[in-house]
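# Fold and contact review
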Amino acid sequence: MTLVEQAPQDRAVGNRAEVVVDLDAIAANTAALRERVDRPLMAVVKADGYGHGLLPAARAVLAGGADALGVAVLEEALALRAAGITAPVLAWLNGPGEDHAAALRADVEVSVNAAWGLAEVVAAARATGRTARVHLTIDTGLGREGATPDEWPQLVAAAARAQADGEVAVVGLWSHLAYADAPRHPTIGAQVRVFEEAVAVARAAGLTGARRHLANSAATIALPGTWFDMVRPGVALYGLDPLGGNPAQYGLRPAMTVQARVVLTKRVPAGAGVSYGHTYSPAQATTLALVPVGYADGVPRAAGNRARVLAGGAQRRIAGRVCMDQFVLDVGDDPVAVGDPVVLWGPGTGGEPTAQQWADAVETIHYELVTRVGGRFRRRYVGTAGVR
Ligand SMILES: *Cc1c(COP(=O)(O)O)cnc(C)c1O
């Protein structure tokens, strides 16, 4: 599939800038990971499916064999339900006053970090007459969500009482790793040990029906000792390697291609100043090509004079600053014309840079790039996975 070849009639405004999402790649990546771990897989589709679209991504991972869906916040879970998705869904980032009754009515599983959170869930269970399906979170060393090992026995005891009363069913015990992308890091073994101790405490308190889950994408790829009863990958479903290498070595392919069309070209003399602050100046007379996307669309401003794009058959560094709505390329004497495609990042199979290369160029991670690209890019789907 060549994403950048379009019929001339497609050289229209609607095609000015688009994020092309390959649904079949998302489904195939899911299937590859599911086969690798040979146990239930909760596919993480938070943050609008990592920028690929919540609902299409959810349908594609389910078509690829995902057993459950994971999101950060309740609104994301409710959007899945409103669209008719019936697979198990967990929302793990719940604040005080969260609408747990809505979660219960929509059959959304919720995560609990603390006694006050459990009390809110129990209140909602009483109000709705439903049993809340709850995952308890233990902070095994990330220092983020979860009860500390000191708080854990009390939380577990309260959850066991609520379970005995029929108000909650504890269906998950989970934690999250700090260094999964450094598979030999000593914190990993330490976190696994703390997790296992926490599971033992929960089981001794009678919480025996819960699935244990710990592994994000990096751990799903590199750390079989963290897989327990279910894995919880996100970024790898979209074909990006959380370990920073080539995703093809794990049978993964990037699902996102970000492209735009040249809206203007012009000849300028040697020494011309290009874009705000004139941080770029061509040494010879040259052709400049204007690309109609900028930082308001999620193209990082830090990409100016650093990141490369594919245009006119070659990779070229962005010339000068990235502006709010546009950036400029120096295409030399090459015959780049108005309407020609410019690929920012994609799978890398057509000569374009990858999201990983962009991340390296702007000193971030590909997660941030794919989740922030948006603005005035139009999203277009190719492939059929999960499409009814
Ligand atoms: C985002 C997230 C994941 C998925 O992480 P990836 O690195 O994208 O695989 C899993 N679990 C939790 C708690 C998360 O916040």
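Right above here is the structure, for reference.
Not measured: the values here are computed from a predicted model. (Residues numbered from 1 in each chain as written. Predicted model: local features only at pLDDT ≥ 70, side-chain atom pairs only at ≥ 80, totals over all residues. Heavy atoms only, no water.)

## A word on the packing of aromatic side chains
This is how it is decided: Here a pair means two rings of Phe, Tyr or Trp (six-membered ring of Trp) with centres within 6.5 Å. Their orientation is stacked below 30 degrees between planes, edge-to-face above 60, and tilted elsewhere. Helix and strand assignments follow DSSP, with helices taken as H or I runs no shorter than four residues and strands as E runs no shorter than two, numbered in order from the N terminus. Think of it in three bands: with a 1.4 Å probe and only protein chains considered, a residue is buried below 20% of the maximum accessible area for its type, exposed above 50%, and partly exposed in between.
Tallied over the full model, the rule gives five aromatic pairs. Plain terms: the ring middles of Y50 and Y238 are 4.9 Å apart, the flat faces sit at 25° to each other, and that makes the pair stacked. Note that Y50 is positioned in helix α2 (residues 46–51) and Y238 in the loop between β9 (230–231) and β10 (256–261), a separation of 188 residues in sequence. Judged by relative accessible area, Y238 falls into the buried class, the value being 0%. Between the aromatic rings of Y50 and Y367, the centroid separation amounts to 6.3 Å while the plane-to-plane angle is 40°, which identifies the pairing as tilted. Here Y367 lies in helix α11 (residues 366–372) and Y50 lies in helix α2, a separation of 317 residues in the sequence. Note on Y50: relative accessible area 7%, which makes it buried.

## Examining the pattern of salt bridges
Basically, it comes down to this: One side-chain nitrogen of Lys or Arg within 4 Å of one carboxyl oxygen of Asp or Glu is enough to make a salt bridge.
Counting across every chain of the model gives 15 salt bridges. For R126, the salt bridge goes to E167, with nearest N and O atoms at 2.7 Å. A residue pair is termed long-range when its members are at least 10 positions apart, and R126 in helix α6 (residues 115–128) and E167 in the loop between α7 (152–164) and β7 (168–174) qualify at 41 residues. Residue R144 pairs with E145 through a salt bridge whose shortest N-O separation is 2.8 Å. Residue classification places E145 among the buried residues on the basis of a relative accessible area of 12%. Each of the salt bridges in this network shares a partner with another, and the network as a whole consists of E18, R378 and R380.

## Quick notes on the sheet that holds β9
Test applied: Pairing between strands is defined by DSSP: at least two bridges between them are needed.
With respect to topology, eight strands assemble into an open sheet ordered β2-β3-β4-β5-β6-β7-β8-β9, the strand pairing being parallel. One side of each edge strand has no neighbouring strand; the edge strands of this open sheet are β2 (42–44) and β9. The sheet contact formed by strand β6 (residues 132–137) and β7 spans six bridges and is parallel. Looking across to β7, one finds that R133 is bridged to A169.

## A word on the site of the ligand
To keep things clear, this is the line we draw: Nearness is judged by heavy atoms alone; a residue qualifies as near a molecule or strand once a single heavy atom is within 4 Å of it. N or O atoms within 3.5 Å of each other form a polar contact, as long as, within protein, one can give a hydrogen and the other can take it, and as long as residues adjacent in sequence are counted only when both atoms are side-chain atoms. Per-residue and other accessible areas were derived by the Shrake-Rupley procedure at a 1.4 Å probe size, with only the shown protein chains allowed to occlude residues. The method works on a 1 Å grid over the protein atoms by themselves. A cavity is a set of points holding a 1.4 Å probe that cannot get out, a pocket is an open set with protein on both sides within 12 Å along at least five of seven lines, and residues with an atom within 4 Å of a point line them. A molecule is counted as occupying a cavity or pocket when more than half of its atoms fall within 2 Å of that pocket's grid points.
Surveying the vicinity of the ligand reveals 15 residues, the closest of which are K46, Y50, S217, G234 and Y367. Here an oxygen atom of the ligand and a side-chain polar atom of R144 are 3.2 Å apart. At 2.9 Å from a nitrogen atom of the ligand is found a side-chain nitrogen or oxygen belonging to R232. Considering the ligand on its own, with 390 Å² of exposed area, one finds that the protein chains cover 94% of that surface. One can see that the ligand is located within the largest pocket.

## Quick notes on the sheet that holds β10
Where we set the bar: Simply put, an axis is a line fit to the C-alpha atoms, just over the touching stretch for a helix, and the angle between two N-to-C directions goes from 0 to 180 degrees.
Sheet architecture is open: nine strands sit in the order β11-β12-β15-β14-β13-β16-β10-β1-β17, paired in mixed fashion. Each end of this open sheet is capped by a strand with a single partner; those strands are β11 (264–268) and β17 (378–382). Pairs of neighbouring strands in the sheet enclose a mean axial angle of 35°, with direction left out of account. Sheet topology places strand β13 (residues 308–311) next to strand β14 (residues 314–319); four bridges connect them, and they run antiparallel. Within β14, the position partnered with A311 by the bridge is A314.

## Observations regarding the layout of surface pockets
The probe, sized like a water molecule, is rolled over the atoms to show the empty space still left. Using the following cut-off: Grid points are joined across faces, edges and corners, and a volume is the space filled by probe spheres set on the points. Asp, Glu, Lys and Arg are counted as charged, while Ala, Val, Leu, Ile, Met, Phe, Trp, Tyr, Cys and Pro are counted as nonpolar; the rest, among them Gly, fall into the polar class. Start and end points for every domain follow an automatic or database-based domain assignment.
What the largest pocket holds in volume is close to 670 Å³. Forming the walls of the largest pocket are 35 residues, and the residues nearest its centre are K46, H176, N216, I365 and Y367. If you list the elements that add at least two residues to the lining of the largest pocket, you get α2, α9 (217–222), α10 (355–362) and α11. Broken down by element, the lining of the largest pocket gets its largest block of residues, four residues, from α11. For the lining of the largest pocket, the per-class residue count stands at 19 nonpolar, nine polar and seven charged. Counting contributing residues, the lining of the largest pocket receives three or more from each of domain 1 (23–234) and domain 2 (256–382).

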